[in-house]
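Understanding the architecture of this molecule
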Amino acid sequence: FIKDSMLGWMLKKILTNTLFKKLRTRFPQRSFTLIEIIFSVTLLSIVAMGTAQYMVFSRWDIDRGIRRQLAWINMASRMEQAIDWGYVALPDSLPETNQLITANNLTAYRTTEVFGIDDTTDGVAPTDTELPDYYMIKIYISWFTTGNVSDSLTAYISEEMGWDY
C-alpha cells in the first residue's frame, strides 16, 4: 500500500537523495548508553529539587516576614492603649490572656502581662511605701495556636520617667 501511495513515493525519493546520504554518513546514528541517561536524569532531578526547595522556602520566609510585621504593628498599638490608660490604671486595664486577633486573614493570639517591680534604689518593702516603683509590660503574639510565641515586646513605665523600651 505504501509503495503506491504518494507518501511512499516521497519517502523513497528522500532516502535515495544524495544529499541525505552524505549527511547520514557524516552524522552517524548514535544512541545513548544507560549510564548517560541515568546521569542526565539524576542531574536534572537535583536541579529541579533545588529550584522547588528555593521557591518553597522563599515563600515561607516572606510569609514569616509579613506575620512579624503585623505582630509588631499590633503590639505597638497595644502599647499606645497603655499610654492612653495612664500609669495608675495599667494593672487593672491592660492584662489579657490569649486575646484572639485577626490580621490579613491570619489568626493570632495576644497575651499582655503587667508586672509591678520594686526597685532597690529607694528601699524595698516594707520600708518602701510606694509600690510598685515601675511596671514591666510584656506583650506576646502567638500565630495559629496559643503556645506558639513568635514575637514579644517588653516595655517599662514609671510615673516619673515615662516609657522605656
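Residues numbered from 1 in each chain as written. Predicted model: local features only at pLDDT ≥ 70, side-chain atom pairs only at ≥ 80, totals over all residues. Heavy atoms only, no water.

**Brief notes about the overall build of the chain**
Worth spelling out the cut-off: We count a stretch as a helix when DSSP gives it H or I for four or more residues in a row; a strand needs E for two or more, and each element gets its number in order from the N terminus. Pairs of residues are marked as contacts when any of their non-hydrogen atoms sit within 4.5 Å.
What the chain contains, in helices and strands, is four helices and five strands. Mapped in sequence order, the helices and strands of the chain form the string α-α-α-α-β-β-β-β-β. Of all intrachain contacts in the chain linking residues separated by at least 6 positions in sequence, the fraction that spans at least 24 positions is 44%.

**Looking at unusual backbone geometry**
Defined as follows: When a residue's accessible area, from a 1.4 Å probe over protein chains only, is under 20% of the maximum for its type it is buried; when over 50% it is exposed; and in between it is partly exposed.
Notably, Asn98 is not glycine yet its phi reads approximately 50 degrees, a positive angle. Of note, Asn98 is situated in strand E1 (residues 96–103). Classification of Asn98 as partly exposed rests on a relative accessible area of 33%.

**With respect to the confidence of the model for the chain**
The line we're drawing: Note on scores: pLDDT gives the predictor's confidence for each residue, bounded by 0 and 100.
With 74% of its residues at a pLDDT of 70 or more, the chain has an overall mean of 80. Mean pLDDT per element in the chain: strand E5 (residues 162–164) is the minimum at 60, and helix H3 (residues 34–85) is the maximum at 90.

**Regarding the environment of Gly116**
Topologically, Gly116 is positioned in strand E2 (residues 106–117). In the structure, Gly116 is positioned 20 residues away from Met136 in sequence and 6.4 Å away in space, judged by C-alpha atoms.

**Quick notes on the packing of aromatic side chains**
Counted only if it meets this: Classification of ring pairs rests on two measures: the distance between centres of Phe, Tyr or Trp rings, Trp counted by its six-membered ring, which must be within 6.5 Å, and the angle between planes, read as stacked under 30 degrees, edge-to-face over 60 and tilted in between.
Going through the model one piece at a time under the given rule, you end up with two aromatic pairs. On the basis of an interplanar angle of 70 degrees and a centroid distance of 6.0 Å, the ring pair of Tyr134 and Tyr156 is categorised as edge-to-face. One end of the pair, Tyr134, is in strand E3 (residues 134–143); the other, Tyr156, is in strand E4 (residues 149–158), and 22 residues separate them in sequence. The partly exposed category is assigned to Tyr134, whose relative accessible area is 23%.

**Considerations on the nonpolar core**
Definition in use: To form a nonpolar core, buried Ala, Val, Leu, Ile, Met, Phe, Trp, Tyr and Cys residues must be joined to one another through side-chain atoms within 4.5 Å.
If you look at the biggest cluster of nonpolar residues, it comprises 19 residues, and the most contacted ones within it are Leu90, Ile137 and Ile141. Secondary structure elements with two or more residues in this core: H3, E2, E3 and E4.

**Brief notes about the pattern of salt bridges**
This is how the line gets drawn: When a carboxyl oxygen of Asp or Glu is within 4 Å of a side-chain nitrogen of Lys or Arg, the pair counts as a salt bridge.
Overall, the coordinates contain five salt bridges when judged by the stated rule. Note that Arg59 and Asp63 form a salt bridge whose closest N and O atoms lie 3.1 Å from each other. Within this pair, Arg59 and its partner Asp63 are both found in helix H3, separated by four residues, close to a single helical turn. The class of Arg59 is partly exposed, set by a relative accessible area of 49%. By relative accessible area, Asp63 is classed as partly exposed at 25%.

**Description of the pairing of E1**
Basically, it comes down to this: Strands pair, by our definition, only if DSSP identifies at least two bridges between them.
The pairing of E1 with E2 spans six bridges and is classified as antiparallel. Residue pairing for E2: Leu100 is matched across the bridge by Tyr109.

**Observations regarding the environment of Leu90**
With respect to the secondary-structure elements, Leu90 resides in helix H4 (residues 90–93). Separated by 26 residues in sequence, Leu90 and Gly116 have C-alpha atoms that sit 9.8 Å apart.

**Considerations on H3**
Quick note on the threshold: Every helix has an expected span of 1.5 Å times one less than the residues it contains.
Compared with an ideal rise of 1.5 Å per residue, which puts 52 residues at 76 Å, H3 spans 76 Å between its outermost C-alpha atoms and is within 8% of the ideal. For H3, the set of buried residues is Arg67, Leu70, Ala71, Met75, Arg78, Met79 and Ala82.

**Things to note about a nonpolar patch on the surface**
Using the following cut-off: Each patch is built from residues that are more than 30% exposed by relative accessible area and take part in no salt bridge. Like charges join if they lie within 9 Å; nonpolar side chains (Val, Leu, Ile, Met, Phe, Trp, Tyr) join within 5 Å. Methods summary: accessible areas were calculated by the Shrake-Rupley approach with a probe of 1.4 Å, and residue burial reflects only the protein chains presented.
Nonpolar side chains collect at one region of the surface, where Phe32, Ile37 and Val41 lie side by side and expose about 330 Å² of accessible area between them. With respect to the element layout, Phe32 can be found in the loop between helix H2 (18–26) and H3. The exposure class of Phe32 is exposed, given its relative accessible area of 66%.

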